[in-house]
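If you want the building blocks of each chain, they are given just below.
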Amino acid sequence: MTEQQHRRRQVVVVGHGMVAHRFVEAAVERGLTETHDITVLGAEARPAYDRVALTSFFERGAKALSLLPSGKYADPRVTLRTGVEVVAVSPRQRIVTLHTGEDLHYDELVLATGSYPFVPPVPGKDLPGVFVYRTIEDLEAIRKAAKRARSGAVIGGGLLGLEAANALSQLGLQTHVVELAPRLMAVQVDAAGGRTLSRHVEQLGLTVHTGAMTEAILGTDRVSGMALKDRKPIDVDLVVFSAGIRPRDSLGRAADLAVAERGGLLVDEHCRTSDEHVYAIGECAAPGGVMYGLVAPGYAMAEVVVDTLLGGGGSFEGADMSTKLKLLGVDVASFGDAHGATEGALELVYADDVAGVYKKLVISGDGRRLLGGVLVGDASAYGVLRPMAASGLPLPENPEDLILPAGGGGAALTLPAEAQVCSCNDVSKGEIEAAVDAGCETAADVTRTTKAGSTCGSCKVQVKKIVEDHFAAQGRVVDRSLCEHFALTRAELFDAVLVHGYRTFDEIVEAHGRGRGCDVCKPTVASILASQINGHVLARENRTLQDTNDAFLANIQCNGTYSVVPRIPGGEITPERLIVIGEVARDFGLYTKITGGQRIDLLGARMEQLPAIWRRLVDAGFESGHAYGKALRTVKSCVGSAWCRYGVQDSVGLAIMLELRYRGLRSPHKLKGGVSGCARECAEARGKDFGVIATEKGWNLYVGGNGGAVPAHAQLLAGDLSTEELVSHLDRFLMYYIRTADRLQRTSTWIDSLEGGLDRVREVVVDDVLGLGTELEAAMATHVDGYFDEWRATLEDPEKLARFVSFVNAPGVPDPSIDFDTTREQIVPTTVDLGAAIPVGAAR
Amino acid sequence: MSDLVGRVSSAGERVETMTLVCELDRIDPDSGVAALVDGEAVAVFRTYDDQVFALSHYDPFGRANVLARGIVGTRGDVPVVASPLHKQAFDLRTGQCLDDPTVRVASYDVVVREGLVLVGGRRPPSPVTS
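If you're wondering where the values come from, they're calculated on a predicted model, not measured in any experiment.

> How would you explain the overall build of chain A if you had to name every residue and give the values?
A count of helical and extended segments in chain A gives 26 helices and 38 strands. Relative to its 844 residues, chain A shows a buried fraction of 46%. A separation of at least 24 residues holds for 61% of the contacts in chain A among residues at least 6 apart in sequence.

Okay, here's the thing in C-alpha cells:
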C-alpha cells in the first residue's frame, strides 16, 4: 500500500445544529469514520440541541433539549469543537480559517451553518426589549426580560411565531400576534383553517392582528409599544421577531460558491455545491434553488452526503413539507398540496365552528387520489392521510369518512408497505413491520430501533397502531395475563379488588381465577391488598402470599441468610443511632455495607436472629426500611441549603418529609425518590422514580427515572411547585402508578406504556382530566394515616414471632448449612454443598 | 388423611418410627415449615385442602436450605413449591423439579395423626404414585 492509501481522509463540518448532528450520527453508523476523521466546528457554545422543541426549554431546561448531553461523540474519530467561529473557507487550498487564526485542512467540507432569523428594517428594531427566537440564548434573554414586562408582541404569525407567542403567554405576558398576511400560518393553512386557528388562539387570551403591517417599534430607551399601519398602536414592553429565516450562506458566498436566487448555497442532488469538495446541507443549502426550513429535509440531505462520501448513489429529490404540530394546545396539520395548487384539484371540507374544527382534503380532479389537506383543531387523521397523499393510494369509496368525526374510516385503511410513516426520519410502514419481525415487542422498541417517532413525535400513535396491527395479523396476541391462574392484568385485578372489596386471596382466586395460585400471582395479590387495606403483611390470612422477603421482613441472600436495613429517612442520622447500628452489627457478627440509597445494610443474619436484631433497633428508635418489599425504599437527598453554599432549598427536610409520608407504601415494583437542593443535582434525583430538584421559586418534579439494567432519566412533570402542590402531584402520581401499572413494571416503563406517555400522566396528575385527583389523594391519605412500623408490630405479636425459627421442632438449632469465611475483616458466606442429597437424573 | 396413613402402612413403614414435627395448625394452609429429622433439614408443606407433603429443605439450584420458605401453589394440577431464591418449582408429591427434568429433591413420608404432623424416612427415588 502506498502512503496515500494509508492516510485517513479529513471531513470538516461547519455548524453543529440538528442536521450536522444527524450527519455525524449517520457517518458513524454507516462506517464513514472507518476511513475518515470528522471534525465538527460549532459556533454556539453548546453542542447540538433540539431546536424543533425549543419552546419546551422553559419547562424542561437546556439539558433535556440536548442531542449530545455528554458533549462529545463516542466514536473517537469524531472531534467536536464548540464555540468556534469559521471566518473563511478557501476551496482552492481546501482550508477553513477559524476566528483564532487557526487553519484546518479538509479533504471534504460539509457546510451546515443553518439559518438566521430575518428582521425586517423596521424603525426601532434595535431597541432594548426586541428579540429573535432561534437559540437557547435568545430564550434565556426573553425569559429575563419577561420578568419586568407585562405584555409582549410577536411579529410573524407563522409556525415559529405561534411557538414564540406560546412562550410569551407561558411567561405570563399579555400576548399579541402581529401577522402581515391575512391569516395565521399562511404557508400551511388556507383562509378558513386560518380563521379556525385564530379563534382557538384568541380563546386562550392572546390577541391576533392579521393583515397588520408593523410600521415602527416605539420607545426611547426601550420598547414601549408598536405602531401598526392603519390601526391603533398597541402597548407592549417586549417584541419578538419571527418573520421568517434566511440561509446562513455568507461563508459560501465569500468563497464564490454558487448561490440560489433567493439565498442558500445552490447544491445538486448529492448536495454538492459548485465546488466538488464542498457540500451544503440543511437550511444553508438550496437544492434545486429551494431552501427547506424544516428539519426532515435537512436530515435527508445529511444522509445523502454520507452516502455520497461512501461512494453510494443516494440523491435528494425534494422533500415532503408536511407539518403537524400542537400550537398553543391546538392541533394543526398541513400536508401535500394543501392549497389545491394542482390543476383541476377538488376540495372536500368539513367545518365545525362550535367545536373549532376545520378539515380540508384536496383531491385530484378525477376524484381518485388524495393530493393534500389541512387539519385544524383535530389532526388525528394526519397519520393516515399524509402517507396516503404521499404514496398516491386510491381514495376509499366515501372520502368524506376520512375527515368526519368518529368516522373511524381512517383506521380501517391499510397503508402499503412503502408508505412513509415517519417523515422526520424517513421510516416506512414496511420498515416498522420488519423491526417487529426482528424482535421488537413494543412501539417503544420500534422507535428505538428505527428512529420512527423520535424527532417530532407526531407519528407515534400511528407507529403504535402499525405495531399492534402487525401483531394481530400474525395471530400474535400480546398476552397480558398475570399468570396461568389469572387471565387479568395487574391493573384489572387491582380494580376488581377495589370494586368488590375482597380481603383474601381465596375470595379473589375463586371469583376471578383458577387453581391455587403461584409465586407470581400471590405476591401480586398481596401487594394489591397491601395498597388498599394497609393491614400487616404477616396477618394470618395473607402471609402465605408473601415472597420470602416480605414473609420475614428482610432480604434473603444467596446462602439463605437475610439482610437488615433500618430506615434512615433522607440519609440523615445522628451519631448515637449510627453507633447503635454499629453495635448491633458487631454483637450479631453481621457484615455491613453502605447502600446506594444512603442507608446501611447489615448482612448475614440467620432468620431466627431477626427478631432479636430488630428488638435492639426498634428500642433505639429505628423502624423497618422496607428494603425487602416492592415498596418505597428511600428518598435520597443532598445536604441542601442548610449547609451547602450552592443550595437554594432544604432538600434534606423535604426528603425526610416525603420518605416518612410514603414509607410502607406497597407498589408494583420498588420505588425510589430523590431530592436535590439545587440544579447541580447531587442527589441524582433524576435517576429515581420521582425526583425533586429545588429552584429559586420552589420545586421541579421529575418522574420515571431509574438505575438498574435499563437506566432511565426522570422527565419533568411540573415545575416551580410549592411544597403543597408537590405533595399533591406526588400523591396522585404514585397512586395512579400503583393502580394501573403491571406487575414489576417500574415507573419509566409504565409511563412509556401509557397511550400519550408522559403527557398522559401530566393530564391525569396535573390537569386532572379524569377527575380522579381527589380519589387518588384520598387513597394516599388512607395509606399515610394507616401507616405503622411492621417490625415493631411483629415484635409485639408472639404468634407472628413464632415463625422466626430455624426448625419448627428444634428452634434452638441453627441451620448447619450456614457458615462464613472472613474477607477484608468481615464475614462472607461459605458455600456448603449438600449436593449428595440431590438425586440428579434419578430414574423414573 | 386416612389414605395417607394407609399409603404409608402399605409401604410397610411404621408410624412409631416417625419424627414428630409440630401440630398441623402450626403450618398455615398453602405454606411450609422447616424441621430437623434425623439430622436432615426437611421442608414440610400443608396445602389448602389439608394434605401434607415433605421434601428436602435444600434448594439444589441456590445451594441453601430454603425450600420451606417458598410460595406454595399449583402449576396445572400439580401442587408445587417455588424456591424463594430463583423460583424453580418442585412437585410437592415427588420432589421433581418442573423447570428442569434432571433435578429432583428428596421426598419424605409424612402423616397427620390426631392433629400432629409426623415425618418419616426419605423415600426411594422412584415416586410412590398417588
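> Can you explain the overall build of chain B? Please cite residues and give values.
When you go through chain B residue by residue, the secondary structure sums to one helix and 11 strands. When the helices and strands of chain B are placed in sequence order, the string is α-β-β-β-β-β-β-β-β-β-β-β. Residues classed as buried in chain B amount to 52% of the 130 residues present. Contacts in chain B between residues far apart in sequence, at least 24 positions, make up 43% of those at least 6 positions apart.

> Give me the lowdown on the interface of chain B and chain A, citing residues and values where you can.
Taken together, the contacts link 38 residues of chain B with 35 residues of chain A. Of all the secondary-structure elements, those providing two or more residues to the side of chain B that touches chain A are strand 1 (19-23), strand 2 (31-37), strand 6 (64-65) and strand 7 (71-75) of chain B. Broken down by class, the residue content of the side of chain B that touches chain A amounts to 22 nonpolar, eight polar and eight charged.

> Run through the pairing of strand 2 of chain B, naming residues and quoting values.
Residues and elements named next belong to chain B. Most of strand 2 sits out of view: seven of its seven residues are buried. Alternating residues of strand 2 divide into Ser31, Val33, Ala35 and Val37 and Gly32, Ala34 and Leu36, and every residue in both groups is buried. Where strand 2 meets strand 3 (residues 40-46), seven bridges bridge the pair, whose relative direction is antiparallel. Directly across from Val37, in strand 3, lies its bridge partner Glu40. From the end of strand 2 to the start of strand 3, which pair antiparallel, there are two residues, and Asp38 there has a positive phi angle of about 50°.

> Give me the sheet that holds strand 23 (residues 346-352) of chain A: which residues, what numbers.
Residue and element names in this part refer to chain A. Reading across from one edge, 21-22-25-24-23 is the order of the five strands in this open sheet, with antiparallel pairing throughout. Across the chains shown, the open sheet's two edge strands, defined by having one partner strand only, are strand 21 (323-327) and strand 23. When strand polarity is set aside, the average angle formed by the axes of neighbouring strands in this sheet is 10°. When strand 24 (residues 357-363) meets strand 25 (residues 370-376), the two strands line up antiparallel, connected through six bridges. Residue Leu361 lies in a different strand from strand 25, and its bridge partner there is Gly373.

> Please set out helix 14 (residues 490-500) of chain A residue by residue, giving values where relevant.
Residue and element names in this part refer to chain A. What helix 14 keeps buried is the set Arg490, Leu493, Phe494 and Val497. Here the buried residues of helix 14 occupy an arc of 105° about the axis, which is enough to place them on one side. Residues Val499 and His500 are exposed on helix 14 and point more than 90 degrees away from its buried face. Buried-residue contacts for helix 14 involve helix 15 (505-512), helix 16 (521-533) and helix 21 (723-740). Where helix 14 ends, the next residue or the one after it, Gly501, has phi of about 70°, a positive value.

> Give a description of the environment of Asp109 of chain B that names residues and reports values.
Residues and elements named next belong to chain B. Topologically, Asp109 is positioned in strand 10 (residues 107-113). Since 20 C-beta atoms lie within 10 Å of it, Asp109 is described here as buried. As a C-alpha pair, Asp109 and Val52 span 57 residues in sequence and 9.6 Å in three-dimensional space.

> Go over helix 23 (residues 757-765) of chain A with me, naming the residues and quoting the values.
Here helix 23 of chain A has its buried residues at Val761, Val764 and Val765 of chain A. In an axial view of helix 23 of chain A, the angular spread of the buried residues amounts to 85°, which keeps them on one side of the axis.

> Which residues make up the nonpolar core, and what values go with them?
All names here are of chain A. Counting 140 residues, the largest nonpolar core has Val13, Phe23, Leu111, Val239, Ile281 and Val305 as the members making the most contacts within it. When residues of this core are assigned to domains, at least three map to each of domain 1 (3-115 + 247-309) and domain 2 (130-243). Leu111 has contacts with Val14, Gly15, Leu251, Gly252, Leu265, Val278, Tyr279, Ala280 and Cys284, leaving out every residue within four places of it along the chain. Of all hydrophobic cores here, the second largest spans 86 residues; its members include Leu538, Ala554, Ile613 and Tyr628.

> Can you tell me about the packing of helix 11 (residues 429-437) of chain A against helix 12 (residues 443-450) of chain A, naming the residues and giving the values?
Residue and element names in this part refer to chain A. Close contact between helix 11 and helix 12 brings their axes to 10 Å; oriented N to C, the two are set at 110°. Put simply, helix 11 runs roughly perpendicular to helix 12. Both helix 11 and helix 12 take part in a crossing whose hand is right-handed. In this structure, helix 11 contributes Glu431, Ile432, Ala435 and Val436 to the contact, and helix 12 contributes Val446, Thr449 and Thr450.

> I'd like to hear about unusual backbone geometry, residue by residue, with values.
All names here are of chain A. Even without a glycine there, the phi angle at Lys451 is positive, about 75°. Mapped onto the fold, Lys451 is located in the loop between helix 12 and helix 13 (460-473). With 18 C-beta atoms packed within 10 Å, Lys451 lands in the partly exposed category. Here the phi dihedral of Arg824 falls at roughly 45°; this positive angle occurs in a residue that is not glycine. Among the secondary structure elements, Arg824 is positioned in the loop between strand 37 (819-823) and strand 38 (826-830).

> Please provide a residue-by-residue account of the confidence of the model for chain B, values included.
Keep in mind that low pLDDT regions are not for reading the predicted coordinates in detail. Residues and elements named next belong to chain B. In this model, chain B carries a mean pLDDT of 86, and residues with pLDDT of at least 70 account for 84%. The model gives residues 1-13 a pLDDT under 50, and that stretch makes 12 contacts with residues more than four places away or in other chains. The ipTM for the predicted assembly is 0.87, set against a pTM of 0.57.

> Explain the environment of Ile136 of chain A to me, and be specific about the residues and the numbers.
All names here are of chain A. Turning to its location among the elements, Ile136 is positioned in helix 4 (residues 136-146). Through-space distance from the C-alpha of Ile136 to that of Leu65 is 9.5 Å; in sequence the pair is 71 residues apart. Apart from the residues within four sequence positions on either side, Ile136 is in contact with Arg46, Tyr49, Phe57 and Ala62.

> Which residues make up the confidence of the model for chain A, and what are the values?
Residue and element names in this part refer to chain A. A residue-level look at chain A finds 96% of positions with pLDDT of 70 or above and a mean pLDDT of 89. Across residues 407-412, where pLDDT falls below 50, the model places seven contacts with residues more than four positions away in sequence or in other chains. Note on residues 835-844: pLDDT is under 50 here. Beyond four places in sequence and across chains, it has 17 contacts.

> Please set out the environment of Ala41 of chain B residue by residue, giving values where relevant.
Mapped onto the elements of the fold, Ala41 of chain B is located in strand 3. In this structure the C-alpha to C-alpha distance between Ala41 of chain B and Ser56 of chain B, which are 15 residues apart in sequence, comes to 6.4 Å. The contact partners of Ala41 of chain B, leaving out residues within four places of it in the chain, are Asp815 of chain A together with Ala34, Leu36, His57, Tyr58 and Asn65 of chain B.

> If you had to explain the sheet that holds strand 11 (residues 174-178) of chain A to someone new, which residues and values would you point to?
Residues and elements named next belong to chain A. The strand order 9-16-10-11-12 describes an open sheet built from five strands, whose pairing is parallel. Here the strands that pair on one side only, and so sit at the sheet edges, are strand 9 (130-132) and strand 12 (207-209). With direction set aside, neighbouring strand axes in the sheet form an average angle of 20°. Of the strand pairs in this sheet, strand 10 (residues 151-155) and strand 16 (residues 238-241) are connected by four bridges, and their pairing is parallel. Pairing of Gly152 across the sheet is with Leu238, part of strand 16. Contacts between helix 5 (residues 159-170) and the sheet are confined to strand 10, strand 11 and strand 16, with strand 11 contributing the most and set at about 165° to the helix.

> Provide a residue-level description of the packing of helix 21 of chain A against helix 23 of chain A, including the pertinent values.
Residue and element names in this part refer to chain A. Direction vectors running N to C along helix 21 and helix 23 enclose 120°, while the axes themselves pass 10 Å from each other. Comparing the axis directions of helix 21 and helix 23 gives the class oblique. Handedness of the helix 21/helix 23 crossing: right-handed. Between helix 21 and helix 23, the residues in contact are His729, Arg732, Phe733 and Tyr736 and Val761, Val764 and Val765, respectively. Across the contact of helix 21 with helix 23, the residue classes break down as five nonpolar, one polar and one charged.

Reading the values: rules and limits
Residues numbered from 1 in each chain as written. Chains lettered and ligands numbered in written order. Predicted model: local features only at pLDDT ≥ 70, side-chain atom pairs only at ≥ 80, totals over all residues. Helix = DSSP H or I, 4+ residues; strand = E, 2+ residues; numbered from the N terminus. Buried ≥ 20, exposed ≤ 12 C-beta atoms within 10 Å, placed from the backbone. Contact = placed C-beta atoms within 7 Å. Nonpolar A, V, L, I, M, F, W, Y, C, P; charged D, E, K, R; others polar. Pairing = 2+ DSSP bridges. Axes fitted to C-alpha atoms, helices over the stretch in contact; angles between N-to-C directions. Arc of directions from axis to C-beta. Core = buried A, V, L, I, M, F, W, Y, C linked by C-beta atoms within 7 Å. Domains from an automatic or database assignment. Parallel < 35°, antiparallel > 145°, perpendicular 65-115°, else oblique. Left-handed = near helix turned anticlockwise from the far one by under 90°. pLDDT = per-residue confidence, 0-100.

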